[in-house]
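# A look at the structure
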Amino acid sequence: MTAIFDQELREQLAQARKELAAARADGDADGVQAYEGRIAGLLRLAAQHGIALPHTADEARGES
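Residues numbered from 1 in each chain as written. Predicted model: local features only at pLDDT ≥ 70, side-chain atom pairs only at ≥ 80, totals over all residues. Heavy atoms only, no water.

## Some remarks on helix 2 (residues 29–48)
In a regular helix each residue adds 1.5 Å, so 20 residues correspond to 28 Å; helix 2 covers 29 Å between its end C-alpha atoms and thus fits that length. For helix 2, every residue scored as buried is listed here: Gly31, Val32, Glu36, Ile39, Ala40, Leu42, Leu43 and Ala46. One side of helix 2 carries all its buried residues, which in axial view fall inside an arc of 165°. For helix 2, the exposed residues lying more than 90 degrees away from the buried face are Asp30, Gln33 and Gln48. Taken together, the buried residues of helix 2 touch helix 1 (2–26) and helix 3 (57–61). Looking one or two places after helix 2, you find Gly50, whose phi comes out positive at around 70°. (Helix = DSSP H or I, 4+ residues; strand = E, 2+ residues; numbered from the N terminus. Expected span 1.5 Å × (residues − 1). Buried < 20%, exposed > 50% of the residue type's maximum accessible area, 1.4 Å probe, protein only. Arc of directions from axis to C-beta. Contact = heavy atoms within 4.5 Å.)

Here is the structure:
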């Protein structure tokens, strides 16, 4: 179960990062804010479950 949860978090984080990049490229400020929050939330969830995911300090604060 933990391996599946870990993999799902990693996949969701990768998708959120792609969506953030697309929002930035489109100049979508609301999208940027939403995906920054999504990334920060996924990182918090991972940390709560002892899953270490590579990230920047800005991502953890929701300011990627």
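## Digging into helix 1
Here helix 1 contains 25 residues, and its C-alpha end-to-end distance of 36 Å stays within 8% of the 36 Å for a straight helix at 1.5 Å per residue. Where the residues of helix 1 are buried, they touch helix 2. Where helix 1 ends, the next residue or the one after it, Gly27, has phi of about 70°, a positive value.

## Observations regarding the environment of Phe5
Relative to the helices and strands, Phe5 is located in helix 1. Taking the C-alpha atoms as reference points, Phe5 and Glu63, separated by 58 residues in sequence, lie 25 Å from one another.

## Topic: the pattern of salt bridges
The tally for this structure, following the rule as stated, stands at four salt bridges. Residue Asp6 is joined to Arg10 by a salt bridge in which the shortest nitrogen-to-oxygen separation is 2.5 Å. In this pair, Asp6 and Arg10 both sit in helix 1, four residues apart, roughly one turn of the helix. By relative accessible area, Arg10 is classed as partly exposed at 34%. Salt-bridge contacts for Arg17 lead to Glu59; the nearest nitrogen and oxygen are separated by 2.8 Å. A residue pair is termed long-range when its members are at least 10 positions apart, and Arg17 in helix 1 and Glu59 in helix 3 qualify at 42 residues. On the basis of relative accessible area, Glu59 is assigned to the buried category, the value being 9%. (Salt bridge = Lys/Arg side-chain N within 4 Å of Asp/Glu carboxyl O.)

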